[in-house]
Amino acid sequence: MAEFPTIPYTPLDFDHDGVTDRARAEFEFMDLRRSVRDFSSEPVPREAIEHAIRAASTAPSGAHRQPWTFVLVGDQDIKRQIREAAEHEERINYEGGRLPAHWREALAPLGTDWEKPFLEIAPWLVVVFEQRYGLGRNGERQHNYYVKESVGIACGLFIATLHRIGLVTLTHTPSPMAFLTKLLGRPENERPFILFPVGYPAQGAQVPDIRRKQLDEIVAEVNSES
Ligand code: IYR
C-alpha cells in the first residue's frame, strides 16, 4: 500500500515552442561554470549557503531516503584543522608515492598539488556525507538504496546552484578522507563523499585552459533502421 497520498503535479508554465532556445541558453550558462581553486575570502551569508543546500536536497534519491548530510564549516580554526589533515594525506599522495604513476600523469596537466590553501581561504567548506544506512527512531539500521547515485545527483545540483547564484566551488576529494568523519564528529553510518570549498573567486583567479568534449564525442544514438 502506498504510504503517501498523491497530489497533482504542478507543471511549470513554459511555452513549448521555446524549449530549444531555453536548452541552448541553459547549456551556454552551464558552460561558463569552472572548478576554481583561487578563492576570495570575502564573506558569504550563511543563509545563501543554506538555500543552496536546500536546492541540492531536492535531488531524487533511492526510495526517497535522502541519504545525505551537508556539514557546514565556517569556523576558521576547524577550517585550519581540515586543511592540515587534508594536506597531510595529499602530501603522501603526491610526494610519498601513494598516487599511482598513471594518476599522477593524469593530474599533471591540471597543476594540482598537495597544498590546499583554499581550505582556509574560502569562507565556507561544505562537506557532504553519504549515509550508508539510515538510523531509525530507536537507532535501528534502515537500508538505504542507490546511495552513491543519490548523493552524486545532490552534489551535482549543489554545484549547479552555486554557479547560478554567482559562487564558485571545487570538488575536493582528499584521499583518504576518513579524517573528516572524526574531525567533524559524524556518526558511524556516514562516510565523507565530497568536500566543497565555497565562495567568490579571487580577483584574477586562473583556471586551466581545458576543452570540453563535443556533443558527438559524448552522444550515441540508436535507431531501429540503422
Ligand atoms: N584528491 C587529490 C587528487 C586529485 C584527484 C583528481 I581525479 C582530481 O581531478 C584532482 C585532484 C587532490 O584533491 O589534490
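Here the structure is shown first, and the text comes after it.
Everything in this summary refers to the structure shown in the same document. Every value quoted in this text rests on a predicted model; they were computed, and no experiment measured them.

Right, let's get into the site of the ligand. Taken together, the neighbourhood of the ligand is formed by Glu90, Tyr94, Trp103, Leu107, Lys116, His172 and Thr173. Glutamate 90 places a polar side-chain atom, nitrogen or oxygen, 2.9 Å from a nitrogen atom of the ligand. Threonine 173 is positioned such that a nitrogen or oxygen atom in its backbone is 3.0 Å from a nitrogen atom of the ligand. In the complex, the protein chains occlude 71% of the 370 Å² of accessible area that the ligand would expose alone.

Two side chains carrying opposite charge are able to pair once their charged atoms lie near each other. Tallying each qualifying case throughout the model produces 15 salt bridges. Between arginine 22 and aspartate 15 there is a salt bridge, with the nearest N and O atoms lying 3.6 Å from each other. On the accessibility criterion, aspartate 15 (48% relative accessible area) is partly exposed. Glutamate 120 is the partner of arginine 83 in a salt bridge, and the nearest nitrogen-oxygen pair spans 2.9 Å. Of this pair, arginine 83 sits in helix α3 (residues 76–94) while glutamate 120 sits in helix α5 (residues 118–121); the two residues are 37 residues apart in sequence, bridging distant segments of the chain. For glutamate 120, a relative accessible area of 22% puts it in the partly exposed group.

Let us look at the packing of aromatic side chains. Evaluation of the coordinates by the stated rule reveals three aromatic pairs. A ring pair is formed by phenylalanine 70 and phenylalanine 158, whose centres lie 6.0 Å apart and whose planes are at 55 degrees; its orientation type is tilted. Taken together, the positions of phenylalanine 70 in strand β1 (residues 68–73) and phenylalanine 158 in helix α6 (residues 147–164) put the pair 88 residues apart, joining distant regions of the chain. When sorted by exposure, phenylalanine 70 lands in the same class as phenylalanine 158, which is buried. A ring pair is formed by phenylalanine 158 and phenylalanine 196, whose centres lie 5.3 Å apart and whose planes are at 65 degrees; its orientation type is edge-to-face. With phenylalanine 158 in helix α6 and phenylalanine 196 in strand β6 (residues 190–199), this residue pair connects regions lying 38 residues apart in the sequence. Given the relative accessible area of 0%, phenylalanine 158 is considered buried. For phenylalanine 196, a relative accessible area of 0% gives the class buried. Here the aromatic residues Phe70, Phe158 and Phe196 are joined through ring pairs into a cluster of three or more. Note that arginine 91 overlies the ring of tryptophan 114, its terminal NZ or CZ placed 4.1 Å from the centroid.

What counts, and where the lines are drawn
- Residues numbered from 1 in each chain as written.
- Predicted model: local features only at pLDDT ≥ 70, side-chain atom pairs only at ≥ 80, totals over all residues.
- Heavy atoms only, no water.
- Near = heavy atom within 4 Å.
- Polar contact = N/O pair within 3.5 Å; in protein donor to acceptor, adjacent residues only side chain to side chain.
- Areas by Shrake-Rupley, 256 points an atom, 1.4 Å probe, with all protein chains shown as cover.
- Salt bridge = Lys/Arg side-chain N within 4 Å of Asp/Glu carboxyl O.
- Buried < 20%, exposed > 50% of the residue type's maximum accessible area, 1.4 Å probe, protein only.
- Helix = DSSP H or I, 4+ residues; strand = E, 2+ residues; numbered from the N terminus.
- Phe/Tyr/Trp six-rings, centres within 6.5 Å; stacked < 30°, edge-to-face > 60°.
- Lys NZ or Arg CZ within 6 Å of the ring centre and 35° of its normal.

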